[in-house]
Amino acid sequence: MQKTVFGLLLSWMALSVWAQPPSGAQSAKPRTKVQAKGHAKSAVPRVAKAPTKPVAAVLPAALAALPLAEAHMGVDELAIAERVHKGPLSCELGASVRMEADASHPGYFDLHGKGFHYRMHPVATSTGAIRLEDKQAGAVWLQLANKSMLMDQNKGRRIADECAHPEQMAFAQDMKNNPPPKLFDTTGMGR
């Protein structure tokens, strides 16, 4: 819907600019010698035009008046959103973040931390990890079974790491107590 509104707005802007003559432009009708000297008056009375605002000044005001339309979530995205850990999450180095679900827009989340606020929505992945994105800010939230992290794609760095919900802490502790089997069996190979 946002693309449609933006497309219509751009079309309207292009048409209005194209239809207006440039300021100070002469009419396309050639003048006669009598009109050029100013001896003959036109039989048609001139009507003063009301000053018009340039389209460039109208565009930001029109865009500001439009509500930001958020895309409705599909079934897959809503299923991902149900698995997102909400509430306060403690991170490494004493940092913390707070993930809140937006009740008015199902599937959207607000992620707050010290010095940042992101509007996140789920994105399907092939690995099974839960991924939330704020495409405008370039922020990505990855939620794994044992930890979560917040990354800034624009700068290529982690903003918050080792963030964990109590369920993730329990899973991490279980991984320490009962480590998963190794991918490669090295017993008896080359020895």
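Q: Explain the sheet that holds strand 8 (residues 157-163) here, please?
A: Strands belonging to one sheet form pairs held by backbone hydrogen bonds; the direction of such a pair is parallel or antiparallel. Pairing is antiparallel across the open sheet formed by eight strands, whose spatial order is 1-2-3-4-5-6-7-8. Unpaired on one side and paired on the other, strand 1 (87-90) and strand 8 mark the two borders of the sheet. Strand-to-strand twist of the sheet, defined as the mean angle between neighbouring strand axes without regard to direction, takes the value 25 degrees. In this structure, strand 1 lies alongside strand 2 (residues 96-101), joined through four bridges in antiparallel fashion.

Q: Help me out: how do you make sense of the pairing of strand 5 (residues 130-134) in this one?
A: Consecutive side chains along a regular strand alternate between the two faces of the sheet. When you tally the buried positions in strand 5, you get five out of five residues, the bulk of the element. Going residue by residue along strand 5, you find Ile 130, Leu 132 and Asp 134 tucked away on one face and Arg 131 and Glu 133 tucked away on the opposite face as well. What sits between strand 4 (residues 116-123) and strand 5 in their antiparallel hairpin is a turn of six residues, with Gly 128 showing a positive phi close to 95 degrees. Relative to strand 6 (residues 139-143), strand 5 is paired through five bridges, and the arrangement is antiparallel. What sits directly across from Glu 133, in strand 6, is Val 140. Counted along the chain from strand 5 to the antiparallel partner strand 6, the turn is four residues long, and its residue Gly 138 has a positive phi close to 80 degrees.

Scoring rules and cut-offs
- Residues numbered from 1 in each chain as written.
- Predicted model: local features only at pLDDT ≥ 70, side-chain atom pairs only at ≥ 80, totals over all residues.
- Heavy atoms only, no water.
- Pairing = 2+ DSSP bridges.
- Helix = DSSP H or I, 4+ residues; strand = E, 2+ residues; numbered from the N terminus.
- Axes fitted to C-alpha atoms, helices over the stretch in contact; angles between N-to-C directions.
- Buried < 20%, exposed > 50% of the residue type's maximum accessible area, 1.4 Å probe, protein only.

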